[in-house]
Amino acid sequence: MCPLVKKTSSMNFQTCLLLSVATLTFSMQQSYADSTSPTASTPSTALTRFDQRAKAGERLNVVFFGASLTWGSNASDPQRTSYRAAVARRFEAKYPKAHFRFIDAAIGGTGSQLGVFRLQRDVLNYHPDLVFLDFSANDDISTNDVETLSSYESLVRRVVGDAKCPLIQVIFPFRWNIGEGEMAKMKRRDAHLAISRAYGTPVGDAIALINERVQSGTAKLDVLWPLDPVHPGDEGYDVFASAAWDAYQGGVARKLVPHVPPKMLYNPTYLTWSRTRVSSLGTLPAGWRVGIPNRTSAYFDFLMSRWLDDEVIASNRRAVTEVGKTQSVPQTVERLKVRFRGTMVMLLGETSLQTGKYRAYLDGKLVQRTQDRKTLTEYDPGAFGKAINGNGHHVQVIATGLNPSVDHTLEIEPLFDESKEQELRIESICVAGGAATVFKP
């Protein structure tokens, strides 16, 4: 999906780009004892085995993992006219005896870094028999930065090697990715194709397919993308589905057996990870409480009660009841502090129209970052809530490239406008690399 905001053709696309992102529920850690050792292929990873089981009428779980292009933003009915739905119909038509369960694991505006911390909860916990993997567009098809290529490859490696599950990579375009000479600029597409070759996974390359159809005159861009240049309409999603389905059928015909190469092509940072619920870390600082995610959202794939089990909520107001009357009174909010070991750290939570700003301190130093040639010292998750006019996700990478052999401290300092009620909602501290561990403060 779009690196950011989505869904409405009326929204300014520059806003969409600015809103794009950078884990979750229960305290959890997954690691590979030796990330360079090969995981032997088994019959369960073979697409021919999936094909045989489907023909025999077995129960099979198919997971669609990705962002808004997987969810189906701008489809007239994402449950019926998204690429997911179109692929599901093809499976049901080809295998009338099978009992399929199709699982939507797509959150718009997110990439493979968050995917690392979602994979267990939102994909592997369903015991998938086949996984379709998105994120090429959201990780930015034109770039080949090692950080996100490492996170993406780790997803392929964990599905194929850890879950012993066949996987199909899908590469979806935005409208501006289509045109003569555009594919030559797509460094990430080239890198994802190289990962496919290394792991023996089929690729549903919708970029190549749409270019071919546009050049032959059998498809028109205005028909494929009728509302905005990010998310296609029903006809566009059907072409996405054709690319994915062709990849599946081609993999079966070629008898592909995905496998894990002896070494990662990119850094093994994301092969060790932890997603730790803040609520599991003991007593919260003043002004914070444990709560539940909102039950409404700007978009269904942004409904964080689907993706979070709880969250800790900081607020500059608290309810006080005296003589049978309840009123909201100001309260002090202290910094949230945790310790961790790892190479990178990120936050996962929720944004709303009441969300305020915050600062982050790493090892006692204020975290600064550059955006549009400006040095920023604050994070403003509420800007996303305002842009989508509702509740949605908050995903923020705080730091990468850390020394994984020493303990680090992370402090989150809420910055609230005291003239009105504001809040900050965080579910998880997500750490990858090294021991990938989060400790109590």
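Owing to the predicted nature of the structure, the values given are computational and were not obtained by experimental measurement.

Engineer: Help me out: how do you make sense of the overall build of the protein chain in this one?
Structural biologist: Along the protein chain, the regular secondary structure elements total twelve helices and 21 strands. Scaling as 2.2 N^0.38, a compact globule of 441 residues should have a C-alpha radius of gyration of about 22 Å, and the protein chain matches this with 22 Å. With the principal axes as the frame, the protein chain shows a C-alpha extent of 70 × 50 × 45 Å. Relative to its 441 residues, the protein chain shows a buried fraction of 58%. Summed over its atoms, the accessible surface of the protein chain is roughly 17700 Å², and 48% of this surface lies on carbon and sulfur atoms. On the protein chain, the mean spot of the 51 positive side-chain charges and the mean spot of the 45 negative ones are 3 Å from each other.

Engineer: Whenever I open this one, the sheet that holds strand 19 (residues 408–415) confuses me. Can you help?
Structural biologist: The strand order across the open sheet formed by five strands is 15-14-19-12-21, and the pairing between neighbours is antiparallel. Of all strands in the sheet, those bounded by a partner on one side alone are strand 15 (365–366) and strand 21 (437–439). Bridge count for strand 12 (residues 336–341) against strand 21 is three bridges, and the pairing is antiparallel. By the bridge assignment, arginine 341 is partnered in strand 21 with threonine 437.

Engineer: Can you walk me through the environment of leucine 167 in this structure?
Structural biologist: Its place among the elements puts leucine 167 in strand 5 (residues 167–171). Along the chain, leucine 167 and proline 128 lie 39 residues apart, while their C-alpha atoms are 9.8 Å from each other. Leave out the neighbours within four places in its chain, and leucine 167 touches Leu130, Val131, Leu133, Val156, Val159, Val160, Thr201, Pro202 and Pro258.

Engineer: Just to check I follow, could you spell out helix 11 (residues 234–253) for this structure?
Structural biologist: One full turn of an α-helix is made of 3.6 residues, so residues set three or four places apart face in the same direction. Between its terminal C-alpha atoms helix 11 stretches 28 Å, which fits the 28 Å expected from 20 residues at 1.5 Å a residue. Lysine 255 lies just past helix 11 and shows a positive phi near 55°.

Conventions adopted
- Residues numbered from 1 in each chain as written.
- Predicted model: local features only at pLDDT ≥ 70, side-chain atom pairs only at ≥ 80, totals over all residues.
- Heavy atoms only, no water.
- Helix = DSSP H or I, 4+ residues; strand = E, 2+ residues; numbered from the N terminus.
- Rg over C-alpha atoms; globule rule 2.2 N^0.38 Å.
- Buried < 20%, exposed > 50% of the residue type's maximum accessible area, 1.4 Å probe, protein only.
- Areas by Shrake-Rupley, 256 points an atom, 1.4 Å probe, with all protein chains shown as cover.
- Lys, Arg positive; Asp, Glu negative; His and termini not counted.
- Charge placed at Lys NZ, Arg CZ, Asp CG, Glu CD.
- Pairing = 2+ DSSP bridges.
- Contact = heavy atoms within 4.5 Å.
- Expected span 1.5 Å × (residues − 1).

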